Amino acid sequence: MIFSDAFVAIADPNRRYLLEELRRGPKTVNELAAGLPVSRPAVSQHLKVLLDAGLVKAKAEGTRRVYTVSSAGFLRLNIWLDQFWETAPGE
C-alpha cells in the first residue's frame, strides 16, 4: 500500500530534509548531498525510497537526474490524512 511506504519514507530525518530541499525547487543528487552529512550514494538510496513511495519524481537531463517533489504522491497522503480531521460521530 502506498501510504505505508510513504509514512516509512518520511519517518527518516534525512529523507524529510531531502523533501524540504526539493520543496524549494528541483535539485540533483550532488546538490542535495551538499547539505547532508552522508555520502552521495546514501543520498541516492534515500531518493530511491522516496521515488518508490511516490513522493518524488526524477527527470533525466543529459547525464544528470533532476529530482522534484511529486504533488500526486502528497495528494494521496493528504486525502488519507484528511479523513481524521472530520468530526467523528458523538464528538
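Look above for the structure.
Residues numbered from 1 in each chain as written. Predicted model: local features only at pLDDT ≥ 70, side-chain atom pairs only at ≥ 80, totals over all residues. Heavy atoms only, no water.

Undergrad: Please explain the overall build of the protein as it appears in this structure.
TA: Counting its secondary structure elements, the protein contains 5 helices and 3 strands. Listing the helices and strands of the protein from first to last along the sequence gives α-α-β-α-α-β-β-α. Here the C-alpha coordinates of the protein stretch approximately 55 × 25 × 25 Å along the principal axes. Expressed as a percentage of its 91 residues, the buried residues of the protein come to 33%. Split by element, the accessible area of the protein, about 6,000 Å² in all, is 56% carbon and sulfur. Considering the protein, the positive charge centre built from 12 side chains and the negative charge centre built from 10 side chains are found 9 Å apart. (Helix = DSSP H or I, 4+ residues; strand = E, 2+ residues; numbered from the N terminus. Buried < 20%, exposed > 50% of the residue type's maximum accessible area, 1.4 Å probe, protein only. Areas by Shrake-Rupley, 256 points an atom, 1.4 Å probe, with all protein chains shown as cover. Lys, Arg positive; Asp, Glu negative; His and termini not counted. Charge placed at Lys NZ, Arg CZ, Asp CG, Glu CD.)

Undergrad: How should I be thinking about the pattern of salt bridges in this particular structure?
TA: Two side chains of opposite charge can pair, provided their charged atoms sit close to one another. Under the definition given, this model contains 4 salt bridges. Close ionic contact of arginine 24 with glutamate 21 constitutes a salt bridge, the shortest N to O distance being 3.4 Å. The buried category is assigned to glutamate 21, whose relative accessible area is 18%. In this structure, arginine 64 engages glutamate 61 in a salt bridge whose closest nitrogen and oxygen atoms are separated by 3.4 Å. Its relative accessible area of 34% is what places glutamate 61 among the partly exposed residues. Among the charged side chains, a network of salt bridges with common partners joins Lys59, Glu61 and Arg64. (Salt bridge = Lys/Arg side-chain N within 4 Å of Asp/Glu carboxyl O.)

Undergrad: I'm lost on the environment of phenylalanine 74 in this one. Help?
TA: Note that phenylalanine 74 resides in helix H5 (residues 71–82). Overall, the relative accessible area of 26% leaves phenylalanine 74 in the partly exposed class. In the structure, phenylalanine 74 is positioned 18 residues away from valine 56 in sequence and 9.2 Å away in space, judged by C-alpha atoms. Filtering out sequence-adjacent residues up to four positions away, phenylalanine 74 remains in contact with Leu19, Leu55 and Val69. (Contact = heavy atoms within 4.5 Å.)

Undergrad: Looking at this structure, I do not really get helix H2 (residues 13–23). What am I missing?
TA: The periodicity of an α-helix, 3.6 residues per turn, causes residues three or four places apart in sequence to face the same way. Within H2, burial applies to Arg15, Leu18, Leu19, Glu21 and Leu22. Take H2 and look down its axis: the buried residues cluster within an arc of 160 degrees, on one side only. Exposed and facing more than 90 degrees away from the buried side of H2 are Pro13 and Arg23. At the N-terminal boundary of H2, the capping side chain belongs to aspartate 12, with an oxygen 2.7 Å from the backbone nitrogen of asparagine 14. (Arc of directions from axis to C-beta. Polar contact = N/O pair within 3.5 Å; in protein donor to acceptor, adjacent residues only side chain to side chain.)

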